[in-house]
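Examining the three-dimensional arrangement
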Amino acid sequence: MPESRGRQGARKRAERTSQTTPQTQSLPGNPSWFVPVMCALMIVGVLWVAVFYVTGGQWPIASIRYWNLGIGMGLIMAGFAMATRWR
């Protein structure tokens, strides 16, 4: 029985993909300070918001009132942005 032409193409594609090296092995890792800074940003952001709510707005900075929430959320978002670059 004759063999279909599609099988030859599939074999060639399989050989080409098995010969290529994965690109993830050549990517450089993060510096040693990256993960501690990322975790610290997220933790400080959560603590900033929690302290603002627990103290009724008197702490961390009473004069900027609800902008304290923006600072806390900004710190949390910066930590999450760093998490997307973590390797």
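Our structure's up above, just so we're on the same page.
Residues numbered from 1 in each chain as written. Predicted model: local features only at pLDDT ≥ 70, side-chain atom pairs only at ≥ 80, totals over all residues. Heavy atoms only, no water.

1. A look at helix α2 (residues 34-54)
Helix length check: α2 (21 residues) gives 30 Å between terminal C-alpha atoms against 30 Å at 1.5 Å per residue, within 8%. Taken together, the buried positions of α2 are occupied by F34, M38, M42, G45, V49 and F52. End-on, the buried residues of α2 take up no more than an arc of 105°, which puts them together on one face. Exposed and oriented more than 90 degrees from the buried face of α2 are I43, L47 and V54. Contacts from the buried residues of α2 go to α3 (67-84). Following α2 by one or two positions, G56 has its phi on the positive side, about 70°. (Helix = DSSP H or I, 4+ residues; strand = E, 2+ residues; numbered from the N terminus. Expected span 1.5 Å × (residues − 1). Buried < 20%, exposed > 50% of the residue type's maximum accessible area, 1.4 Å probe, protein only. Arc of directions from axis to C-beta. Contact = heavy atoms within 4.5 Å.)

2. Describing the packing of aromatic side chains
Under the defined criterion, the tally for this structure stands at 3 aromatic pairs. Measuring from ring centre to ring centre gives 5.9 Å for W33 and F34, while their planes differ by 50°; the resulting arrangement is tilted. Between F52 and Y66, the ring centres sit 5.5 Å apart and the planes meet at 75°, which makes this aromatic pair edge-to-face. Of this pair, F52 sits in helix α2 while Y66 is found in the loop between α2 and α3, placing the two residues 14 residues apart along the sequence. (Phe/Tyr/Trp six-rings, centres within 6.5 Å; stacked < 30°, edge-to-face > 60°.)

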